[in-house]
Amino acid sequence: MISKRRLSKSEDKERLAEDASKTRNQPLPKKTKKSHVLNDVEENDSIFVNLLKTSGIILKTGESQNQLAVDQIAFQKKLFQTLRRHPSYPKIIEEFVSGLESYIEDEDSFRNCLLSCERLQDEEASMGASYSKSLIKLLLGIDILQPAIIKTLFEKLPEYFFDNKNSDEINIPRLIVSQLKWLDRVVDGKDLTTKIMQLITVAPEYLQHDIITSLPEILGDFQHADVGKELSDLLIENTSLTVPILDVLSSLRLDPNFLVKVRQLVMDKLSSIRLEDLPVIIKFILHSITAMDALEVISELREKLDLQHCVLPSRLQASQVKLKSKGRASSSGNQESSGQSCIILLFDVIKSAIRYEKTISEAWIKAIENTASVSEHKVFDLVMLFIIYSTNIQTKKYIERVLRNKIRSGCIQEQLLQSTFSVHYLVLKDMCSSILSLAQSLLHSLDQSMISFGSLLYKYAFKFFDTYCQQEVVGALVTHICSGNEAEVDTALDVLLELVVLNPSAMMMNAVFIKGILDYLDNISPQQIRKLFCVLSTLAFSKQNEASSHIQDDMHLVIRKQLSSTIFKYKLIGIIGAVTMAGIMAADRSGSSSSTQERASLSDEQCTQVTSLLQLVRSCSEQSPQASALYYDEFANLIQREKLDPKALEWAGHTICNDFQDAFVVDICVVPEGDFPFPVKALYGLEEYNTQDGIAINLLPLLFSQEFAKDGGPVTSQESGQKLVSPLCLAPYFRLLRLCVERQHNGNLEEIDGLLDCPIFLTDLEPGERLESMSSKERSFMCSLIFLTLNWFREIVNAFCQETSPEMKGKVLTRLKHIVELQIILEKYLAVTPDCVPPLGNFDVEALDTTPHTGTAVSAKIRKKGKIERKQKAGGSKTSSSDTFSEEKNAECDPTPLHRGQLNKEFTGKEEKTSLLLHNYHAFFRELDIEVFSILHCGLVTKFILDTEMHTEVTTTTTDKLAGRSDSRL
């Protein structure tokens, strides 16, 4: 039986091929059109026409639709009965079909028979179908006519193989195939299958696709197995039909073992498949997966499928150009648009599979989890993790665990994540909410690698997604900032800073969300306040955003409100915000890529705005020494961190230098007079000063005036009109001064080098035997005086530690010696003054007024408050104050190496004893710059000093023992 069928099939193929060849080689004869009147009724005495008219169909000529006068079911029933009861049955069937063949020789008549019939008005009330079938479709619904009609249609098809459309743009071959779809009953399914497969082998390619994809709608379930076998054979013979064949095989009811064989055949050819064909092929592969082979198939699939290389480099480059120009919706070419559409369609197929097949999603996660090598991880893996995370709620925790393990092990790195977003941003955009949810979860982690990855998710989502997603990203970051969790706040602010630089115009559209953080300033630290105001100031004063005046107004309003507060916590916010904003306004743009001169230089009006803002901060801080000191430190950090415009820097240098001299510098010949508790002396001078023209730092009188004013006592002999400046500001103000001079003169401090060796108005600090006889107030006064002196020396050392001349190095080492000596003296006072409240050295902390009364309490309180956070100076980080006390070394004279061992031993014992107590007071000392420790490499320094009689004295200062003991602690 099989051989006969094959033989018959071969003969039919030859006949169809011969007919097609004749049709191809000879021009089609023009159909003879009858000279009908337009829209006239077909007048013909043939059995075909008469039987149709009797059954309820009126054939029309020309381009008019055939008319159906009765219900469709009634027509079929009446025609069937008429043919069945005809005296010449079954011969009447042949005559009827012969009449049909004659009638459809005319092209217009054939087209009318393939198009739906027109229903007459009085038939609309029928309870039948709401649409009208074509005449051919109605005839195919009659069992005794179906085989003959199908044969006629298949014989008619080759005439139109190469004449795709008629004058009405109607594709006749496709219209013929559509008549075979959704038949209520197929009389001879096997014969129909044979005819269709024969037709596929000779039909043109476009029609082959149509016929193959129509098979599930034409054939019954009993023919699926035969069709599947025929299609699998055709798949091997004709690879161009791979897509329609696999599309159909996915829709047929086939044996699983058979599908496995076909799937393996396709998997072997996967690497050579075109991008346009991937969606259908992947759909078939996923459709054929079973629980037993899911992991194996998915593992093989992810190895062979690399979408990053399916997208041509030119196509990817064009996508990036469109992305940067915000023209994602417009396409620069059909090729790029088609490629992206195919990828989107492919992932839609995968989404559908993993949504309804739990086995597939679990196998995919397992395949990625089993990949251990960093190089084996692909962009496709990361996209799939995102898709599964957004599709299956039940697997979210599992996906998070897999991702965390991959991130922790370094398998998923920033470059892979960036490539994923840049290649598949259109696919990921639809999962924006899920990606942000994942980022939020990662930011709640305690692991820094997770936090960094979460921040990258926010960054790339903002960079590659559309406006709506960007708004969601900013909203999520603002939520993190207002959460109160320190790690979240820091990370979110860092991301905002990056985004402002990355895309200021897009961030400007979301400025209203960022401004909302100003209502939550109470919950964030000073360093975080700096970042926030940096973000807002960058937006407010960006030249790209002229419509940013409302941000400027809001910031000025908040700053003025905070500065006017009498509570230091809020005044601190105002100071930090104002200085940060001034820094953005006065930034030096001379190195900018902008071609406009206006942007390259600060205008007079802008310079006035900056100076007015800074003067406002100073005036609002004058009544509080702590606020003033904080302002000076903030301003100094700004100058060190940023490059300011020369106009602003010139104003700052001139103002600061004059104010510093007026506040703290006096002539050494003018000995202060007043009712001081101790005799005032000029101490710690490094040169033999002429008493007529030397200068000194007026420290003790200022401290006494401050303490007296605090107690409500009378003003000292200083001029009543002179404004008193707190000695608390001495070290911060000097740091600001030296950084201004440094910036203006390219690091040359010659203008202020007199402050390195000038003396200080103090008193004899060594307590001696009088320590026990001092009152508690006098001991506290002496402690404060020593703390202030130490902080002055620390900033002096910070300023001049990088000087290269031997003389200056010797002076710096001598100051280091003074620091160590003073620490030893201070320890003696602190030992008998447990309730001492020293003046603060660092001012950007939240609880300045809460100071403990004992050394032990100091340490405990500071640890509780936590995180006394100091500014990190640009160009070098600060060293921890608690460490620097033990790291500073005694730079004393060492004329002979013989005594060095004994001196080292004495020094070691003193310093260890001192550091144990002073460690509890680290918050009250100024921090040393890391550059200070470069002085340890200088070895022996010889300083030549001319005495008053012009005799040369030689002093040798060493740092050998400093280096030996500090290196281990750095």
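As the structure is a computational prediction, the values presented were derived from the model and not from experiment. (Residues numbered from 1 in each chain as written. Predicted model: local features only at pLDDT ≥ 70, side-chain atom pairs only at ≥ 80, totals over all residues. Heavy atoms only, no water.)

### Let's talk about the overall build of the protein chain
Thinking step 1. Counting its secondary structure elements, the protein chain contains 44 helices and 9 strands.
Thinking step 2. With 970 residues in all, the protein chain has 53% of them scored as buried.
Thinking step 3. Looking at the protein chain alone, contacts between residues at least 24 apart form 74% of all its contacts between residues at least 6 apart.
Thinking step 4. Carbon together with sulfur atoms contributes 50% to the accessible area of the protein chain, which is approximately 44,700 Å² in total. (Helix = DSSP H or I, 4+ residues; strand = E, 2+ residues; numbered from the N terminus. Buried < 20%, exposed > 50% of the residue type's maximum accessible area, 1.4 Å probe, protein only. Contact = heavy atoms within 4.5 Å. Areas by Shrake-Rupley, 256 points an atom, 1.4 Å probe, with all protein chains shown as cover.)

### Some details on the nonpolar core
Thinking step 1. Ranked by internal contacts, the top residues of the largest apolar core, which has 284 residues, are Trp364, Phe421 and Leu755.
Thinking step 2. The element best represented in this core is helix α39 (residues 776–800), accounting for 14 residues.
Thinking step 3. Each residue touching Trp364, except ones within four places of it in the same chain, is listed here: Leu286, Ile298, Leu301, Ile350, Phe380, Met384 and Ile388. (Core = buried A, V, L, I, M, F, W, Y, C linked by side-chain atoms within 4.5 Å.)

### Observations concerning helix α12 (residues 242–249)
Thinking step 1. Of all the 8 residues making up α12, 7 are buried; the element is thus mostly covered by neighbouring parts of the structure.
Thinking step 2. For α12, every residue scored as buried is listed here: Thr242, Val243, Pro244, Ile245, Leu246, Val248 and Leu249.
Thinking step 3. Packed against the buried residues of α12 are α10 (205–218), α11 (224–237), α13 (256–268) and α14 (278–287).

### So, the pattern of salt bridges
Thinking step 1. Scanning the entire structure with this criterion turns up 33 salt bridges.
Thinking step 2. With its nearest N and O atoms 4.0 Å apart, the salt bridge here joins Lys156 to Glu105. Here Glu105 lies in the loop between α4 (91–103) and α5 (107–114) and Lys156 lies in helix α7 (residues 146–156), a separation of 51 residues in the sequence.
Thinking step 3. Close ionic contact of Arg174 with Asp210 constitutes a salt bridge, the shortest N to O distance being 2.2 Å. Placement of the pair is Arg174 in helix α8 (residues 172–179) and Asp210 in helix α10, with a sequence separation of 36 residues. (Salt bridge = Lys/Arg side-chain N within 4 Å of Asp/Glu carboxyl O.)

### What about the packing of α39 against helix α40 (residues 806–832)?
Two quantities define a packed helix pair, namely the angle between the helix axes and the distance between the axes.
Thinking step 1. Contact geometry for α39 and α40: axes closest at 9 Å, N-to-C directions at 155°. As far as their axial angle goes, α40 and α39 are roughly antiparallel. Where α39 crosses over α40, the two elements pack in a sense that is left-handed.
Thinking step 2. Its residues assigned to classes, the contact of α39 with α40 comprises 19 nonpolar, 3 polar and 3 charged. (Axes fitted to C-alpha atoms, helices over the stretch in contact; angles between N-to-C directions. Parallel < 35°, antiparallel > 145°, perpendicular 65-115°, else oblique. Left-handed = near helix turned anticlockwise from the far one by under 90°. Nonpolar A, V, L, I, M, F, W, Y, C, P; charged D, E, K, R; others polar.)

### Quick notes on the packing of aromatic side chains
How two aromatic rings sit relative to each other is set out by the distance from centre to centre and by the angle between their planes.
Thinking step 1. With the rule as written, the count across this model stands at 26 aromatic pairs.
Thinking step 2. Judged by centre distance (5.9 Å) and plane angle (85°), the ring pair of Phe660 and Tyr733 falls under edge-to-face. Separated by 73 residues along the polypeptide, Phe660 in helix α35 (residues 646–664) and Tyr733 in helix α37 (residues 730–744) bring together distant segments of the chain.
Thinking step 3. With relative accessibility at 2%, the residue Tyr733 sits in the buried group.
Thinking step 4. Arranged with centres 6.5 Å apart and planes meeting at 15°, the rings of Phe660 and Trp792 form a pair that is stacked. Placement of Phe660 in helix α35 and of Trp792 in helix α39 is noted, with a sequence separation of 132 residues between them.
Thinking step 5. Joined through ring pairs, the aromatic side chains of Tyr631, Tyr632, Phe635, Phe660, Phe664, Tyr733, Phe734 and Trp792 make up one cluster. (Phe/Tyr/Trp six-rings, centres within 6.5 Å; stacked < 30°, edge-to-face > 60°.)

### Thoughts on the confidence of the model for the protein chain
Thinking step 1. Overall, the prediction assigns the protein chain a mean pLDDT of 79, with 76% of residues at 70 or greater.
Thinking step 2. Segment residues 312–333: pLDDT under 50, and 36 contacts once partners within four positions in sequence are set aside and those in other chains are kept.
Thinking step 3. A low-confidence stretch, residues 846–914 (pLDDT under 50), is modelled with 153 contacts involving residues beyond four sequence positions or located in other chains. (pLDDT = per-residue confidence, 0-100.)

### Concerning the sheet that holds strand β1 (residues 57–58)
Thinking step 1. If you trace the 3 strands from one edge of the open sheet to the other, you get β1-β2-β3, paired in mixed fashion. Every other strand in the sheet has two partners, leaving β1 and β3 (118–119) as the edge strands with one partner each.
Thinking step 2. In terms of strand pairing, strand β2 (residues 67–68) meets β3 through 2 bridges, oriented parallel. Its bridge partner lying in β3, Leu68 is registered against Arg119. (Pairing = 2+ DSSP bridges.)

### Section: the environment of Pro679
Thinking step 1. Its location among the elements puts Pro679 in the loop between β4 (665–667) and β5 (681–683).
Thinking step 2. Take Pro679: its relative accessible area is 52%, and that puts it in the exposed class.
Thinking step 3. Along the backbone, Pro679 and Leu700 are 21 residues apart, and their C-alpha atoms lie at a distance of 9.8 Å.
Thinking step 4. Residue contacts for Pro679: discarding those within four places in its chain leaves Leu762 and Thr763.

### Some details on helix α24 (residues 448–464)
Thinking step 1. Here α24 is 17 residues long and its end C-alpha atoms lie 24 Å apart, about the 24 Å a rise of 1.5 Å per residue gives.
Thinking step 2. Within α24, 13 of the 17 residues are buried, which leaves the element mostly enclosed by the surrounding structure. (Expected span 1.5 Å × (residues − 1).)

### Focus on the packing of helix α29 (residues 526–540) against helix α31 (residues 568–585)
Thinking step 1. Running from N to C, α29 and α31 point in directions that differ by 40°, and their axes come no closer than 9 Å. With respect to α31, the axis of α29 lies oblique. Crossing hand, α29 versus α31: right-handed. The residues of α31 that touch α29, namely those facing Pro526, Ile529, Arg530, Phe533, Cys534, Ser537 and Thr538, are Leu572, Ile573, Ile576, Gly577, Thr580, Met581 and Ile584.

### What about the state of the cysteines?
Thinking step 1. The tally for this structure, following the rule as stated, stands at 0 disulfides.
Thinking step 2. The thiol of Cys657 is unpaired, and the distance to the nearest cysteine sulfur, on Cys740, comes to 9.5 Å.
Thinking step 3. Here Cys836 is not cross-linked by a disulfide; its sulfur's nearest cysteine counterpart is in Cys783, at 4.0 Å.
Thinking step 4. Judged by relative accessible area, Cys836 falls into the buried class, the value being 0%. (Disulfide = S-S within 2.5 Å.)

### Here we look at unusual backbone geometry
A negative phi angle is the norm for most residues apart from glycine, just as the trans form is the norm for most peptide bonds.
Thinking step 1. The residue after Tyr89, namely Pro90, is reached through a cis peptide bond having omega 10°.
Thinking step 2. Within the secondary structure, Pro90 sits in the loop between α3 (72–84) and α4.
Thinking step 3. The phi angle at Tyr684 is positive, at roughly 60°, despite the residue not being glycine.
Thinking step 4. You can see Tyr684 is positioned in the loop between β5 and β6 (695–697).
Thinking step 5. For Asn746, which is not glycine, the phi dihedral falls at a positive 55°.
Thinking step 6. Structurally, Asn746 can be placed in the loop between α37 and α38 (754–757).

### Examining the side chain of Asp757
Thinking step 1. Here Asp757 is to be found in helix α38.
Thinking step 2. Residue classification places Asp757 among the buried residues on the basis of a relative accessible area of 7%.

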